[in-house]
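Coordinate inspection notes
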Amino acid sequence: MIQLYRAGAQLTKVRGLMLFSLVCALGTAWWGWDLFRTYGSLPGDGGVLAPLGTRLAVGIGVASIGILFALGMAAYGRIYVSVLALDEPSGTLRASTVRFVGSRALIVPLTDVFGSNYRAGRFVNPAGVSVNAPWISVRVKGRRWPLIVDAQGEFTDRSLVARVLKFR
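An account of the accompanying structure is given in this report. (Residues numbered from 1 in each chain as written. Predicted model: local features only at pLDDT ≥ 70, side-chain atom pairs only at ≥ 80, totals over all residues. Heavy atoms only, no water.)

1. Notes on the environment of Met18
Defined as follows: Segments assigned H or I by DSSP are reported as helices when at least four residues long, segments assigned E as strands when at least two residues long, and all are numbered from the N terminus. Between buried and exposed lies partly exposed: a residue is buried under 20% and exposed over 50% of the maximum accessible area for its type, with that area taken using a 1.4 Å probe on protein chains only. Here, residues are in contact when the closest pair of their heavy atoms is within 4.5 Å.
Residue placement: Met18 occurs in helix 1 (residues 9-38). Met18 gets classed as buried once you look at its relative accessible area, which sits at 1%. Residues Met18 and Tyr76 lie 58 residues apart in sequence; the distance between their C-alpha atoms is 9.1 Å. Residue contacts for Met18: discarding those within four places in its chain leaves Met73, Ala74, Gly77, Val98, Arg99 and Phe100.

2. A closer look at the pairing of strand 2 (residues 81-87)
The condition is simple: At least two DSSP bridges between two strands are required for those strands to pair.
Of all seven residues making up strand 2, six are buried, and the element is well covered by its neighbours. Judged from the four bridges that link them, strand 1 (residues 2-6) and strand 2 form a sheet pairing that is antiparallel. Of the residues in strand 2, the one forming a bridge with Gln3 is Ala85. In terms of strand pairing, strand 2 meets strand 3 (residues 92-98) through six bridges, oriented antiparallel. In the sheet register, Leu84 faces strand 3, and the bridge partner there is Ala95.

3. Overview of the sheet that holds strand 4 (residues 103-109)
The test is simple: Note on definitions: angles span 0 to 180 degrees between N-to-C directions of axes, and those axes are lines fitted to C-alpha atoms, for helices only across the stretch in contact.
Ordered in space as 4-3-2-1-10, the five strands form an open sheet in which the pairing is antiparallel. Bordering the open sheet on either side are strand 4 and strand 10 (154-155), each of which pairs with just one other strand. Sheet strands in contact with helix 3 (residues 158-165) are strand 1, strand 2, strand 3 and strand 10, and its direction is about 95 degrees off that of strand 1.

4. Digging into the environment of Ala151
Take Ala151: it is sitting in the loop between strand 9 (147-150) and strand 10. Along the sequence, Ala151 and Pro134 sit 17 residues apart, while their C-alpha atoms lie 5.3 Å from each other. If we skip the residues at most four places from it in the chain, Ala151 touches Tyr118, Pro134 and Trp135.

5. A word on the sheet that holds strand 8 (residues 135-140)
What links the strands of a sheet is backbone hydrogen bonding, and the strands pair in either a parallel or an antiparallel sense. Reading across the sheet, the three strands line up as 5-8-9 and stay open at both edges, with antiparallel pairing between neighbours. A single partner strand is all that each edge strand has here, and the edge strands are strand 5 (113-119) and strand 9. Recorded for the sheet is a direction-independent mean angle of 20 degrees between the axes of neighbouring strands. Pairing analysis gives six bridges linking strand 5 to strand 8, with the strands arranged antiparallel. Bridge pairing links Asn117 to Ser137 in strand 8.

6. A look at the pairing of strand 4
Remember that side chains alternate between the two faces of the sheet whenever the strand is regular. Note: strand 3 against strand 4, seven bridges, orientation antiparallel. Note that in strand 4 the partner of Ser96 across the bridge is Ala105. The turn linking strand 3 back onto strand 4 is made up of four residues, and Gly102 within it adopts a positive phi angle of 80 degrees.

7. Notes on the side chain of Asp150
Keep this limit in mind: Under the counting rule used here, the positive set is Lys and Arg, the negative set is Asp and Glu, and His together with the chain ends is not counted. What counts as a salt bridge is simple: a side-chain nitrogen of Lys or Arg found within 4 Å of a carboxyl oxygen of Asp or Glu. Pairing of N or O atoms within 3.5 Å defines a polar contact, subject to two protein rules: one partner must be a possible hydrogen donor and the other a possible acceptor, and residues neighboring in sequence count only if both atoms are side-chain atoms.
Inspection of the secondary structure puts Asp150 in strand 9. It turns out Asp150 is buried and unbridged, and the closest side chain with the opposite charge, Lys13, is 7.3 Å from it. Within the structure, the side chain of Asp150 is placed 3.3 Å from the side chain of Tyr80, a separation counted as a polar contact. When near neighbours in sequence (up to four residues on either side) are disregarded, Asp150 contacts Tyr5, Gln10, Tyr80, Pro134 and Phe155.

Structural data, given as structure tokens:
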């Protein structure tokens, strides 16, 4: 098996953000529960407990922010490639994707790779904030969403990667 790509330090950032999203989900769930129980009872809120429907809406609204963040990171992890390897004898491509704990291997025949597109991932805001996050989307037969290969990762042989991923 020939290793084509490794996310390297970028994987640490993604995993850190995934774990942070779990902390946010727990924090907003607790905050939402607290608001559901007490919204309106503080002197600054009016000193009278708000109606059940209002408390429920506010509690669920606050809790859902963190929970949706964690669900979004879980979905992102399912498409973010941490390791890409080629098994030439069997003609397969092995892509390891990220989970909150560990990873999952996706093994696909090379014939199921439709093609790849490079995205520059550059953005410069007039306020001076800039982003440089290039990535490669890899279309695979039978998958709704493409796999994401972080172009800031470590490639062992770029020409082989370009051939295997069928760049357009």
